[in-house]
Amino acid sequence: MGGGEQATWGEVWAQLQVLFWLYAGNLGPAFSPLNVLATLSLCLVLWVLWKPGPGFFSWVFPARIYARPSFRVDLKLMVLNWFIDLFARMNYAAIATITAFGVGQALGLAAPGPEERSPILSALVVFLVGDLALYWYHRLNHGRPVLWAFHALHHSAEEMSPVTAFRHHPIYSITAGLIVSAAVGVAQGLAMALFLG
């Protein structure tokens, strides 16, 4: 496709599927078996070199942290947000793709054909714009009382653990995903206009 032809909804659907699997691949890589094994291996090396505690497992999983109510809240929020993300990823991929399609249509740009697409450029746009949008949304959460009411939960942990990073209010998780998806969609549409237009 090219030369002024308009994208079909079938092509939009194909792009949605690509973006869904891009997002779906991000559903908790920190807890993949390979990552957990690598982390425990690194901890074992450090423990053997320094012998910081009486036993390896009591050093890696200290009861003073993992027996606290704060850790149980972290776990519950992590599981809840994982399920929210599982069902929301398709919506986020749809928002990014439809936004990119809409920006391209508004600029009078035909959807690029397979031979014109650059997976490297697409990945770079998704990564950089998504990360930048999340950074600014996070900053807004620290500066606006309405947003801080939801974001404060992330900073309320009494003890830090490997799952504290996932301690987010579900409203924060949903709104962050929507904002990042819209920003990525606009950037993809503009990138098509700049590099293919």
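About the thresholds
- Residues numbered from 1 in each chain as written.
- Predicted model: local features only at pLDDT ≥ 70, side-chain atom pairs only at ≥ 80, totals over all residues.
- Heavy atoms only, no water.
- Helix = DSSP H or I, 4+ residues; strand = E, 2+ residues; numbered from the N terminus.
- Buried < 20%, exposed > 50% of the residue type's maximum accessible area, 1.4 Å probe, protein only.
- Contact = heavy atoms within 4.5 Å.
- Areas by Shrake-Rupley, 256 points an atom, 1.4 Å probe, with all protein chains shown as cover.
- Patch = residues over 30% accessible without salt bridge, like charges linked within 9 Å, V, L, I, M, F, W, Y side chains within 5 Å.
- Salt bridge = Lys/Arg side-chain N within 4 Å of Asp/Glu carboxyl O.
- Phe/Tyr/Trp six-rings, centres within 6.5 Å; stacked < 30°, edge-to-face > 60°.
- pLDDT = per-residue confidence, 0-100.
- Core = buried A, V, L, I, M, F, W, Y, C linked by side-chain atoms within 4.5 Å.

In terms of regular secondary structure, the protein chain is built from 8 helices and 0 strands. Counting helices and strands in the order they occur from the N terminus, the protein chain gives α-α-α-α-α-α-α-α. Expressed as a percentage of the 197 residues in the protein chain, the buried residues total 34%. Sequence separation of at least 24 residues holds for 75% of the intrachain contacts in the protein chain that already meet a minimum separation of 6. Carbon and sulfur atoms provide 73% of the accessible area of the protein chain, an area that totals close to 12,000 Å².

Following the sequence through the fold, T164 ends up in the loop between α7 (145–151) and α8 (170–196). What T164 contacts, discounting residues up to four positions off in sequence, is D74, H154, A157 and E159.

Bringing the side chain of H151 into the picture now. Of note, H151 is situated in helix α7. Once you skip the residues sitting within four places of it in the chain, H151 turns out to touch H138, N141, H142 and Y172.

On the surface, V79, W82, F83 and L86 cluster together into a nonpolar patch covering about 340 Å² of accessible area. If you trace the backbone, W82 turns up in helix α5 (residues 69–106).

A few words on the packing of aromatic side chains. The final tally for this structure, using the stated rule, is 8 aromatic pairs. Aromatic side chains Y137 and Y172 sit 5.6 Å apart centroid to centroid with 25 degrees between the ring planes, which places their arrangement in the stacked category. Placement of Y137 in helix α6 (residues 119–143) and of Y172 in helix α8 is noted, with a sequence separation of 35 residues between them. Overall, the relative accessible area of 6% leaves Y172 in the buried class. Linked through ring pairs, W47, F56, F57, F61, Y66 and F71 together constitute an aromatic cluster.

Another aspect to go through is the confidence of the model for the protein chain. Summary statistics for the protein chain give a mean pLDDT of 78 and a share of 75% for residues scoring 70 or more. The spread of mean pLDDT over the elements of the protein chain runs between helix α1 (residues 9–24), the lowest at 62, and α7, the highest at 93.

This part covers the nonpolar core. By size, the foremost hydrophobic cluster in this structure holds 5 residues: A96, V126, A133, V180 and V184. Those elements that place two or more of their residues in this core are α6 and α8. The residues touching A133, leaving out its near neighbours within four places in the chain, are V180 and A183.

On inspection of all chains with the given rule, the structure shows 4 salt bridges. A salt bridge links E158 to R68; the nearest nitrogen and oxygen atoms lie 2.8 Å apart. Here R68 lies in the loop between α4 (63–66) and α5 and E158 lies in the loop between α7 and α8, a separation of 90 residues in the sequence. On the accessibility criterion, R68 (28% relative accessible area) is partly exposed. With a closest N to O distance of 2.3 Å, D74 and R167 form a salt bridge. Placement of D74 in helix α5 and of R167 in the loop between α7 and α8 is noted, with a sequence separation of 93 residues between them. Given a relative accessible area of 5%, R167 falls into the buried group. Taken together, the shared-partner salt bridges in this structure form one network comprising R64, R68, E158 and E159.

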